[in-house]
Amino acid sequence: LNEFDLVGMSLAYELGGCNCIQMMHVGRIPKTRQERMAAEPDGPFDPLKGSAPLVFAGGPTATSNPEPFSDFFDFFALGDGEECLPEIGHCLQRTKREGLNREETLFRLATEVQG
């Protein structure tokens, strides 16, 4: 999992968050967004060159109350996944083409993707 650009997880209920953290552990992804940010190498965001994947969550629990999980995910996809997932993918393609770093990529996702 740690070589993917994005890892998305569904939070259908509160206890599912524990499974998400376990999946990050097994997939060798730092569990908190702070750990992922601290370990980020200088330069463009690229998991093949040492960046951890961007980890996000969607689903009913992420939409209704994402705060308890905010330390573990880089961002949340709110609303209908079928509509926002293509937008997320296209936005990430653009940021990689432009050579943006992790922080700039997250900012672009937050400002360009609806949901």
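This structure is a prediction, so every number in the text was calculated from the model and none was measured. Each chain carries its own residue numbering, running from 1 in the direction its sequence is written. Only residues with pLDDT of at least 70 get local features here, since the model is predicted, and only at 80 or more are side-chain atom pairs given and counted; chain-wide, interface and lining totals rely on the full set of residues. Working from all heavy atoms in the structure, the side-chain values ignore hydrogens and water.

A. Geometry of a nonpolar patch on the surface. Distance thresholds for patches are 9 Å for like charges and 5 Å for nonpolar side chains (Val, Leu, Ile, Met, Phe, Trp, Tyr), applied to residues having over 30% relative accessible area and no salt bridge. Note on areas: these come from Shrake-Rupley sampling with a 1.4 Å probe, and a residue is covered only by the protein chains present in the view. In what follows, salt bridge is the name for a side-chain nitrogen of Lys or Arg lying within 4 Å of a carboxyl oxygen of Asp or Glu. A cluster of nonpolar side chains, L1, F4 and M23, forms an exposed patch at the surface whose accessible area comes to about 290 Å². The topology assignment puts L1 in the segment before β1 (6–10). Numbered from the N terminus, helices here are DSSP runs of H or I no shorter than four residues, and strands are runs of E no shorter than two.

B. Fine view of helix α4 (residues 81–98). Between its terminal C-alpha atoms α4 stretches 25 Å, which fits the 26 Å expected from 18 residues at 1.5 Å a residue. Burial classification: accessible surface area is computed with a 1.4 Å probe over protein chains only, and a residue below 20% of its type maximum counts as buried, one above 50% as exposed, and the rest as partly exposed. What α4 keeps buried is the set C84, I88, C91, L92 and T95. For α4, the buried positions fall inside an angular range of 105° around the axis, keeping them on one side. Turned more than 90 degrees off the buried face of α4, the exposed positions are E82, E83 and R97. Contacts are residue-level and defined by heavy atoms, with any inter-residue pair within 4.5 Å sufficient. Looking at the buried residues of α4, the elements they touch are β1, β2 (54–58), β3 (75–76) and α5 (102–112). Following α4 by one or two positions, G99 adopts a phi angle in the positive range, close to 75°. Expected helix span is computed as 1.5 Å times (number of residues minus one). This arc is taken over the directions from the axis of the helix to the C-beta atoms.

C. Spotlight on the packing of aromatic side chains. To pair, rings of Phe, Tyr and Trp, with the six-membered ring standing in for Trp, must have centres within 6.5 Å; the planes then decide the type, stacked if under 30 degrees apart, edge-to-face if over 60, and tilted in the middle. Applying the stated criterion to the full structure yields 2 aromatic pairs. Note on F56 and F75: the rings are 4.9 Å apart at their centroids and 5° apart in plane angle, and the pair reads as stacked. Placement of F56 in strand β2 and of F75 in strand β3 is noted, with a sequence separation of 19 residues between them. The residues F56 and F75 share a single accessibility class, namely buried. Where F73 meets F76, the ring centres are 5.6 Å apart and the plane angle is 55°; that geometry is what we call tilted. Of the two residues, F73 and F76, neither departs from the other in class, the shared state being buried.

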